[in-house]
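# Structure assessment
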Amino acid sequence: MITREKTSAQELAEKWVNQQLESGKTAEDLHKTMFVYGDSVMEAQMDEQGTLQMKNKNEGSIVIFRTPEPQPGPMCRCCGMDYDNEKEALQCCAYID
Ligand SMILES: [Zn+2]
C-alpha cells in the first residue's frame, strides 16, 4: 500500500518534470523543485551528468498551511455584478424576468 503510493507520487513528479523539460525548461531550472503528495515529499535534484533524480525527502508528517482565499463580496447570482451589500446584490436582477 505504502509502496504503491510512493510509486504513483514519484510517477506524477517525474511526469511533471518531463512536461517542464519538453516545454523548454532545463534540468538546472527544475533543480531543487519540491513535490508534495499526501505525506510524501520529493525533491528533484540534478546529478553530475545533468540528469534530474527524484530524491525522497520524507521525514515525518507533512503539514501545509495555505493562505485563505479572499472572500468575494456580495454578488448578483444572475449577472455576477459586485455590490457593497447583500441587499443591493439581491435586487440587481430581481425585477428582470
Ligand atoms: Zn444582476
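Two faces, one strand: in a regular strand the side chains alternate between the faces of the sheet. Of the strand pairs in this sheet, strand E2 (residues 40–46) and strand E3 (residues 52–56) are connected by five bridges, and their pairing is antiparallel. Within the sheet, the bridge partner assigned to Met42 lies in E3 and is Asn56. Connecting E2 to the next strand, E3, in antiparallel fashion are five residues, including Gly50 with a positive phi near 80 degrees.

Right, let's talk about the domain arrangement of the protein for a bit. Structurally, the protein comprises domain 1 (2–56) and domain 2 (70–97). Distance between the C-alpha centres of domain 1 and domain 2: 45 Å.

Each strand in a sheet pairs with another by means of backbone hydrogen bonds, the pair being arranged parallel or else antiparallel. An order of E1-E2-E3 is seen for the three strands of this open sheet, with the pairing classed as antiparallel. Each edge of the open sheet carries a strand with a single partner, namely strand E1 (34–37) and E3. Averaged over all pairs of adjacent strands, the angle between their axes in this sheet comes to 25 degrees, without regard to strand direction. Inspection of the sheet shows E1 paired to E2 by four bridges, in the antiparallel sense. The residue bridging Val36 from the neighbouring strand is Val41, located in E2.

Rules and cut-offs
- Residues numbered from 1 in each chain as written.
- Predicted model: local features only at pLDDT ≥ 70, side-chain atom pairs only at ≥ 80, totals over all residues.
- Pairing = 2+ DSSP bridges.
- Helix = DSSP H or I, 4+ residues; strand = E, 2+ residues; numbered from the N terminus.
- Domains from an automatic or database assignment.
- Axes fitted to C-alpha atoms, helices over the stretch in contact; angles between N-to-C directions.

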